[in-house]
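Overview (structure and organization)
Letter by letter, the chains look like this.
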Amino acid sequence: MEGMLQFAKGPLFIGTFMFMILGLARLVILQVMQIREAMNRLNDRHFDVSSALRQLAEWAVPVKHVHYRPFLSVVSFLFHIGLIITPVFLFGHIALLRSAAGLGWAALPGAVADALTLLTIVCGLILMGARIFETDAAALSEPQDYLLLLLLMTPFATGFMALHPWANPLSYNAVLLIHILSGEAIFVLIPLTKLSHCVLFPFDRVSSDIFWKLPPGAGEAVARELHGNEARI
Amino acid sequence: MSVATESAAPARFYHVEKPDASERVERFLAAFEAILRHTNYRGLLDMYARSHTRCGRCAKTCQVYQATGDPRDIPCYRTSMIINIYKRYFTMGGWVKGFLSGDGYLTDSDIDEMMEGFYRCTACRRCSLECPMGIDHALVTHLGRYILSEMRLPPKALQVSVRAQLEGENGNTSSVPLAALKNNLEFLSEEIKDEKGIEVEFPLDKENVEYAFFCPVSDYLMEAETLMGNALVLHACGEGGNWTIGSKNYDAINYGLFYNDWILERNIRRLVEEVRRLGARTILIGECGHASRAAKQFIPAFAGKDAPAVVNCVEFAWRKFKEGKLRFDPGAIKEKVTYHDPCNIARSGWIVDQPRELLKAMAKDYVEMTPSGRENYCCGGGGGTVSIAEMQKFRMEVIGKTKAEQLKATGAEIVVAPCANCKKQLREVIDHYKLPMEVKGLHDLMFRAIQL
């Protein structure tokens, strides 16, 4: 167990973390290249940057956009906050980083971190409930939507259990191992699944506008290819 | 007409294995492949495929889904459908996944579902306001319709209109001959003279003017008051001699927006060609939502840098009003008035406040409907559905119901809709639900209220 823990904390952590960083970098580069490729085909390259930035800001703090589903919007927002803030500002994580790389920053007080952890789990469960019981989301959901949500909550639950022995029926090491491995599984899956929206979310909003500007001559080329020069309606 | 798949260069990973496919499935994939090769949709689908999270928020905004409760009407459902086909047949990852699971083939019944589902969407783009990722489901639905159109599968009514416009002898969607147009214009001039006592001309083929005017050709058959309003506004603000209708193209309708990119571009090119023939500088679009949006958005896309400017007639009247060149009798409209925002001009925030300012200047009793502005409900006949006779029942009893309730709640006697498509649908809705109100164009009211 000790050996596995050491492996999971050391080489596996570095490997999966690098996989995530490189994977996300690849996606960002691909997005930029695809937008450029699309732009090159266009006549009309006018693009309203300020409107795109304003929309991005509006959606980053979705105060303006909660009215259709107020409860779930707030839950989802809190869930995202918890997902990002908790692991990055957790005292234990920062201490580990400091001992390994000499890097560090201010940590959240323990009670706040605990509260955020529980909040994230509760919000995750509510979102899961919505996926299962709300017909709209249920109709759209695919297996990975449920599995990814469960996986995202796993390091939060096990992290809480590891720090609070009263909540932990298993051995400390076992819980810690699950905690680390599930976190690393998330690292691997981020660039491979829809979780990549953590870095890709600005691109769709921008690209929807660009992709609506259709390239001249493309429609005719399609018609000629499919129906020859005699193409008619 | 046969689909020339053999002559086409193979797309990436296309038909890696022979799917369990009917001829229709093959044609679908061949059309999809050709579109991916020549257009920008591949990039779009890649981006959407990476980040769409299937959160279901769009479902809450979709008027069609809220009315039918059928999950297949959820915008994201249609998008997922196209994305899944794309991934399955045109990406390596999707192919591997399909190969391993032996699943995910496109079937004949999927195509049936798309033929139904993609044309039930009214292309109102309300869902675009609500996607946290910024995915524009209407663009993917547009692509879905594009693929089906290359298989000759769009609803007959759309095919007939598009063919009449681009390949018919009269060159417009309603096959109105030029002689009939000329008669109509004379009649309209006489009507204005009868009602207002002044000579107002409807110039035809007048060269080197500022504005070339295009309205949906159906206005010449059905919306006399709107057209009289258009001409009177131009006359009243001193532009009466500075505009013209073109005899080679007098139809603003561009069903390409709901059909495919080829039709869209051909219509835009015809529009620009006519403006250049006339030597006009600005395209003035009449009361028509989709034609305004199509011209505004796609003239720069297809006609290059020196493309003519595009102005919608409501926007035009508002500018002249702000310049003080257009004045209204403040109490001229005594009835209680409400305003319906046509999706194609309001959803983007382009024309929202302007018509309200104009209405408040002439109507005593103005009331908003809820929701309104950018978030307004579609009339229920958008996306070409209003011209599909087979959909009349669906338009009335399903999508139109929401609109009827919204209209009823305002208690208005006049609902103003500056869009030929909305006017037709709203009239049918009002008739169907026996609402005590009538539909008018904004220019119909301006015609009544204008100070000469």
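Residues numbered from 1 in each chain as written. Chains lettered and ligands numbered in written order. Predicted model: local features only at pLDDT ≥ 70, side-chain atom pairs only at ≥ 80, totals over all residues. Heavy atoms only, no water.

Description of the overall build of chain A
In terms of regular secondary structure, chain A is built from eleven helices and zero strands. The C-alpha atoms of chain A give a radius of gyration of 23 Å, which is well past the 17 Å a tight globule of 233 residues would have. Summarising its shape, the C-alpha atoms of chain A cover approximately 75 × 40 × 35 Å along the three principal directions. Looking at chain A residue by residue over its 233 residues, the buried ones come to 43%. Taking as baseline every contact in chain A between residues at least 6 positions apart, the subset at least 24 positions apart corresponds to 68%. Accessible area of chain A: about 12100 Å², with a carbon and sulfur share of 73%. Computed over 15 positive and 16 negative side-chain charges, the separation of the two mean positions in chain A equals 5 Å. (Helix = DSSP H or I, 4+ residues; strand = E, 2+ residues; numbered from the N terminus. Rg over C-alpha atoms; globule rule 2.2 N^0.38 Å. Buried < 20%, exposed > 50% of the residue type's maximum accessible area, 1.4 Å probe, protein only. Contact = heavy atoms within 4.5 Å. Areas by Shrake-Rupley, 256 points an atom, 1.4 Å probe, with all protein chains shown as cover. Lys, Arg positive; Asp, Glu negative; His and termini not counted. Charge placed at Lys NZ, Arg CZ, Asp CG, Glu CD.)

Some thoughts on the sheet that holds strand 8 (residues 438-440) of chain B
Pairing between the strands of a sheet comes from backbone hydrogen bonds, and it takes one of two forms, parallel or antiparallel. Residue and element names in this part refer to chain B. If you trace the four strands from one edge of the open sheet to the other, you get 6-5-7-8, paired in parallel fashion. Edge positions in the sheet fall to strand 6 (363-367) and strand 8, since each of these pairs with one other strand and no more. Put simply, the sheet's adjacent strands are angled 35 degrees from each other on average, direction ignored. By the bridge criterion, three bridges tie strand 7 (residues 414-416) to strand 8 in an arrangement that is parallel. Bridge pairing links Ile414 to Glu438 in strand 8. The strands touched by helix 17 (residues 353-362) within the sheet are strand 5 (333-339), strand 6 and strand 7, with strand 6 carrying the most contacts at an inclination of about 135 degrees. (Pairing = 2+ DSSP bridges. Axes fitted to C-alpha atoms, helices over the stretch in contact; angles between N-to-C directions.)

Topic: the interface of chain A and chain B
Listed per partner, the contact involves 58 residues of chain A and 75 residues of chain B. Counting each side, the surface lost to burial between chain A and chain B is near 5900 Å², with a carbon and sulfur contribution of 54%. Broken down residue by residue, the surface that chain A buries against chain B is led by Tyr68(A), Trp212(A) and Ile233(A), which jointly contribute 17%. Our enumeration of links across chain A and chain B arrives at five salt bridges. Here Arg54(B) and Asp145(A) are joined by a salt bridge, their closest N and O atoms 2.7 Å apart. Joining chain A to chain B, the criterion identifies 32 residue pairs in polar contact (both at pLDDT 80 or more). Of all the secondary structure elements, the ones that give two or more residues to the side of chain A that touches chain B are helix 2 (11-40), helix 7 (135-140), helix 8 (143-163), helix 10 (197-212) and helix 11 (218-227) of chain A. (Buried area = accessible area lost by both parts, 1.4 Å probe. Salt bridge = Lys/Arg side-chain N within 4 Å of Asp/Glu carboxyl O. Polar contact = N/O pair within 3.5 Å; in protein donor to acceptor, adjacent residues only side chain to side chain.)

As for the pattern of salt bridges
By the definition in use, this model includes 41 salt bridges over all chains. Two residues, Lys320(B) and Glu239(B), come together in a salt bridge whose shortest N-O distance is 3.2 Å. Placement of the pair is Lys320(B) in helix 15 (residues 313-322) and Glu239(B) in the loop between helix 12 (224-236) and strand 2 (243-245), with a sequence separation of 81 residues. With a relative accessible area of 14%, Glu239(B) lands in the buried category. Here Glu405(B) ties to Lys401(B) by a salt bridge, and the two come within 3.5 Å at their closest N and O atoms. With a gap of four residues between them, Glu405(B) and Lys401(B) both fall in helix 18 (residues 392-410), about one helical turn apart. Here the salt bridges do not stand alone but share partners, grouping Arg69(A), Glu134(A), Asp136(A) and Lys60(B) into one network.

Some thoughts on the domain arrangement of chain B
All names here are of chain B. Each domain of chain B was delimited in the assignment, giving domain 1 (24-154), domain 2 (159-320) and domain 3 (328-449). Of note, the centres of domain 1 and domain 2, computed from C-alpha atoms alone, are 34 Å apart. Of the residues lining the interface, twelve residues belong to domain 1; the matching set on domain 2 comes to nine residues. Of the roughly 830 Å² buried between domain 1 and domain 2, counting both surfaces, carbon and sulfur atoms make up 45%. (Domains from an automatic or database assignment.)

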